[in-house]
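The residues making up each chain are set out below.
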Protein chains: 2
Amino acid sequence: MMKETKRVKVRRVTEEGGRDLQDTVVRESTLTIFLNDRELVTLLCTPAKLDYLAVGFLFSEGLIMTKREIKRVTMDERRGAIWVETKRGKEPPENFLSKRYITTGCGRGMSFLSPPEGGFRRIDSKARVSSEQIHALMTEFQRRSFVHQRTGGVHSAAICTAEEMLVFAEDIGRHNAIDKALGECLLSDIAMKNRVLITSGRVSSEILMKTARSGIPVIVSKAAPTDAGIMIARKCGITLIGFARGSRMNIYSENRRIKE
Amino acid sequence: MMKETKRVKVRRVTEEGGRDLQDTVVRESTLTIFLNDRELVTLLCTPAKLDYLAVGFLFSEGLIMTKREIKRVTMDERRGAIWVETKRGKEPPENFLSKRYITTGCGRGMSFLSPPEGGFRRIDSKARVSSEQIHALMTEFQRRSFVHQRTGGVHSAAICTAEEMLVFAEDIGRHNAIDKALGECLLSDIAMKNRVLITSGRVSSEILMKTARSGIPVIVSKAAPTDAGIMIARKCGITLIGFARGSRMNIYSENRRIKE
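Residues numbered from 1 in each chain as written. Chains lettered and ligands numbered in written order. Predicted model: local features only at pLDDT ≥ 70, side-chain atom pairs only at ≥ 80, totals over all residues. Heavy atoms only, no water.

Draft legend 1. Just the pairing of strand 4 (residues 38–45) of chain A, in detail. All names here are of chain A. Counting buried positions along strand 4 yields eight of eight residues, so the element is predominantly enclosed. Relative to strand 4, strand 3 (residues 29–35) runs antiparallel, the two sharing seven bridges. Across the sheet, the residue bridging to serine 29 is cysteine 45, located in strand 4. In textbook terms, the turn of a hairpin is the stretch between consecutive antiparallel strands, and for strand 3 and strand 4 this stretch comprises two residues, one of which, asparagine 36, has a positive phi near 50 degrees. (Buried < 20%, exposed > 50% of the residue type's maximum accessible area, 1.4 Å probe, protein only. Helix = DSSP H or I, 4+ residues; strand = E, 2+ residues; numbered from the N terminus. Pairing = 2+ DSSP bridges.)

Draft legend 2. Region of interest: the relation of the copies chain B and chain A. When chain B is brought onto chain A, the operation consists of a screw motion whose angular component is 180 degrees and whose axial shift is 0.0 Å, with 0.0 Å RMSD remaining. With respect to symmetry, the two chain copies, as superposed, fit the operation of a two-fold axis. (Least-squares fit on C-alpha atoms with pLDDT ≥ 70 in both.)

Draft legend 3. The interface of chain B and chain A, seen in detail. Taken together, the contact between chain B and chain A spans 70 residues of the former and 70 residues of the latter. Between Glu260(B) and Arg11(A) there is a salt bridge; the shortest N-O distance is 2.5 Å. For the interface between chain B and chain A, the tally reads 28 residue pairs in polar contact (both at pLDDT 80 or more). When residues of the side of chain B that touches chain A are assigned to their parent elements, the largest contribution, eight residues, is made by strand 1 (residues 5–14) of chain B. Classifying every residue of the side of chain B that touches chain A by side-chain character gives 25 nonpolar, 25 polar and 20 charged. By the bridge criterion, three bridges tie strand 13 (residues 248–251) of chain A to strand 1 of chain B in an arrangement that is antiparallel. Paired with Asn250(A) across the strands is Arg12(B), a residue of strand 1 of chain B. (Contact = heavy atoms within 4.5 Å. Salt bridge = Lys/Arg side-chain N within 4 Å of Asp/Glu carboxyl O. Polar contact = N/O pair within 3.5 Å; in protein donor to acceptor, adjacent residues only side chain to side chain. Nonpolar A, V, L, I, M, F, W, Y, C, P; charged D, E, K, R; others polar.)

Draft legend 4. Highlighting the side chain of Thr42(B). Structurally, Thr42(B) can be placed in strand 4 (residues 38–45). Taking the relative accessible area as the measure of exposure, Thr42(B) reaches 3% and is therefore buried.

Draft legend 5. Broad picture of the sheet that holds strand 10 (residues 196–199) of chain B. Here we have eight strands laid out as an open sheet, ordered 2(A)-1(A)-13(B)-12(B)-11(B)-10(B)-8(B)-9(B), and mixed in their pairing. The open sheet has two free edges, formed respectively by strand 2 (17–26) of chain A together with strand 9 (165–171) of chain B, since each of these has just one partner strand. When strand polarity is set aside, the average angle formed by the axes of neighbouring strands in this sheet is 25 degrees. Contacts from helix 6 (residues 227–236) of chain B reach strand 1 (5–14) and strand 2 of chain A together with strand 12 (239–245) of chain B, with the element oriented near 65 degrees to strand 1 of chain A. (Axes fitted to C-alpha atoms, helices over the stretch in contact; angles between N-to-C directions.)

Draft legend 6. Representation of the environment of Leu186(A) in the model. Residue and element names in this part refer to chain A. Examined against the element boundaries, leucine 186 turns out to sit in helix 4 (residues 174–187). On the basis of relative accessibility, which here comes to 9%, the residue leucine 186 falls in the buried class. C-alpha of leucine 186 to C-alpha of serine 130: the two residues are 56 residues apart in sequence and 26 Å apart in space. Ignoring anything within four residues of it in the chain, the contact list for leucine 186 reads Val55, Phe59, Ile64, Met65, Thr66, Lys67 and Met192.

Draft legend 7. Summary view of the state of the cysteines. Taken as a whole, this structure holds zero disulfides over all chains when the rule is applied. There is no disulfide at Cys236(A), and the cysteine sulfur nearest it, in Cys185(A), is 19 Å away. Take Cys160(B): it sits in no disulfide, and the sulfur closest to it among the cysteines is that of Cys185(B), at 9.5 Å. (Disulfide = S-S within 2.5 Å.)

Draft legend 8. A look at the packing of helix 4 of chain A against helix 5 (residues 205–214) of chain A. Residue and element names in this part refer to chain A. One way to put it is that helix 4 packs onto helix 5 with a least axis distance of 11 Å and a crossing angle of 10 degrees. What the angle tells us is that helix 4 and helix 5 run roughly parallel. Within the contact between the two elements, helix 4 uses Arg174, His175, Ile178, Asp179 and Leu182 and helix 5 uses Glu206, Ile207, Lys210 and Ser214. (Parallel < 35°, antiparallel > 145°, perpendicular 65-115°, else oblique.)

Draft legend 9. A look at the pairing of strand 1 of chain A. Residues and elements named next belong to chain A. As paired strands, strand 1 and strand 2 are joined by 10 bridges and run antiparallel to one another. Paired with arginine 12 across the two strands is arginine 19, which belongs to strand 2. The hairpin turn running from strand 1 into strand 2, its antiparallel successor, is two residues long.

Draft legend 10. Local environment of the environment of Phe120(B). Residues and elements named next belong to chain B. Assignment of secondary structure puts phenylalanine 120 in the loop between strand 6 (81–86) and strand 7 (129–130). Judged by relative accessible area, which is 18%, phenylalanine 120 ranks as buried. As for phenylalanine 120 and lysine 235, which are separated by 115 residues in sequence, their C-alpha atoms are 6.8 Å apart.

Draft legend 11. Main features of the sheet that holds strand 12 (residues 239–245) of chain A. Reading across the sheet, the eight strands line up as 9(A)-8(A)-10(A)-11(A)-12(A)-13(A)-1(B)-2(B) and stay open at both edges, with mixed pairing between neighbours. Both outer strands of the open sheet, strand 9 (165–171) of chain A together with strand 2 (17–26) of chain B, are each paired with one neighbouring strand and no more. Across the sheet, the axes of successive neighbouring strands diverge by a mean angle of 25 degrees, strand direction being ignored. Pairing analysis gives four bridges linking strand 8 (residues 155–160) of chain A to strand 10 (residues 196–199) of chain A, with the strands arranged antiparallel. By the bridge assignment, Ile159(A) is partnered in strand 10 of chain A with Leu197(A). Seen against the sheet, helix 6 (residues 227–236) of chain A touches strand 12 of chain A together with strand 1 and strand 2 of chain B and runs at an angle of roughly 65 degrees to strand 1 of chain B.

Draft legend 12. The packing of aromatic side chains, seen in detail. All names here are of chain B. Going through the model one piece at a time under the given rule, you end up with four aromatic pairs over all chains. An angle of 10 degrees between the planes, with centres 5.1 Å apart, marks the rings of phenylalanine 34 and tryptophan 83 as stacked. Separated by 49 residues along the polypeptide, phenylalanine 34 in strand 3 (residues 29–35) and tryptophan 83 in strand 6 bring together distant segments of the chain. (Phe/Tyr/Trp six-rings, centres within 6.5 Å; stacked < 30°, edge-to-face > 60°.)

Draft legend 13. Structural context of the pattern of salt bridges. Inspection of every chain in the model, using the stated rule, returns 28 salt bridges over all chains. Note that Asp227(B) is salt-bridged to Arg27(A), the shortest N-O span being 3.9 Å. Taken together, the residues Asp227(B) in helix 6 and Arg27(A) in the loop between strand 2 and strand 3 connect one chain to another. Overall, Asp227(B) belongs to the buried group, its relative accessible area being 10%. One connected set of salt bridges, linked through shared partners, spans Arg11(A), Asp20(A) and Glu260(B).

Here's what the structure looks like:
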């Protein structure tokens, strides 16, 4: 916990006037990921579970499919660098990174809503979850958001069965929080099939692409979806739930998996 | 407004059971920015004020400093592309994009907290704002967040004097919302000096770098800052206010500008 937060001096102003006090804020640091000695990306992130973040990032970007492919993970926490070696030594294509990293000359400008290579894969999981179970999971999700409770400055993500939370992660980035959760599943041999992914963040196209790649059939957020997120959920057969607050929720796709 | 939102079918579940209805969600689209015919970046964004977004993005990235440099802005809204021509025809360096776009081989992995070229420029504005004025501005800020009120899915940003809101923008990305506000200032000849920047989003290092570049001396958010955001605010002499809710707020730096 200590690594994820920091005490700072703050002037708090209320109706009663101002006073100086110490407050807890979230820490922001960088992680540079190397894949087989090639520098891939530098992420701004919360400095915890960095091995999960690196492996989850590589999984989300399609550069690692299974734990078996990983030969070694070496971390230099002080420098904020991590090296992932894979057995196949597979080289990623020059411009492999997803939209949020796309810069110049990638020629994918107008195509983010077109299917990925091989088309949208439909997820045909028969998993079912009740609205009561989602309510219980969301309560547990809030309860475990320690860094958020202390700082108000992070997103959370979790992978669950209908009954229980298997992994939980927090990070200043909503993408990172999900990547940490996926990375922990991969490194700890926790299957993603038939699971429920919970996120505190808005559910955009990129989050849905990540969900589709992981094969997770149900994504739940307390926040809003975008139109493109809903479109991809429908194409991929993913149950997308937004505004899950208390016992209320909006189901935007595949409501056959939800027992009301 | 129509362009920014979309009606979708949703199954709403409450204690009373489920029912089908139509709901409004925010639209997500792409904008590819060309600078002097070179493709720079593709942003995921809300499709409104795209000229402001493009110009604000170029300003935030240091590729445009003033309106005078801009020769022509041409937009193809259907294709989601915009071309900005500058007089000097200045070419950006190969890897110019800020941290959030950094990918491979940029060699900036460990350096995001080191000063930008020329060092941190201190903002020595004598602007002062009272806590009551900030409260009033935040109330107006919430009132104008139409897309957020309807969809819950966007961030907002505004540039203000102590007394009034000069520009206001919404976008699915918190960076984009600020870039839209800065771009409108630039194109509409609204000075940024001595202003107050309001954002709905968390205040990370990147947001502070953007503020520092614009010369705006006060940034106010209803959300949390990160430790790196506070550090840059202190180095640049920017007043950073977080958790501005009702008449309460936390001042993390340069509280001399705030009349309590």
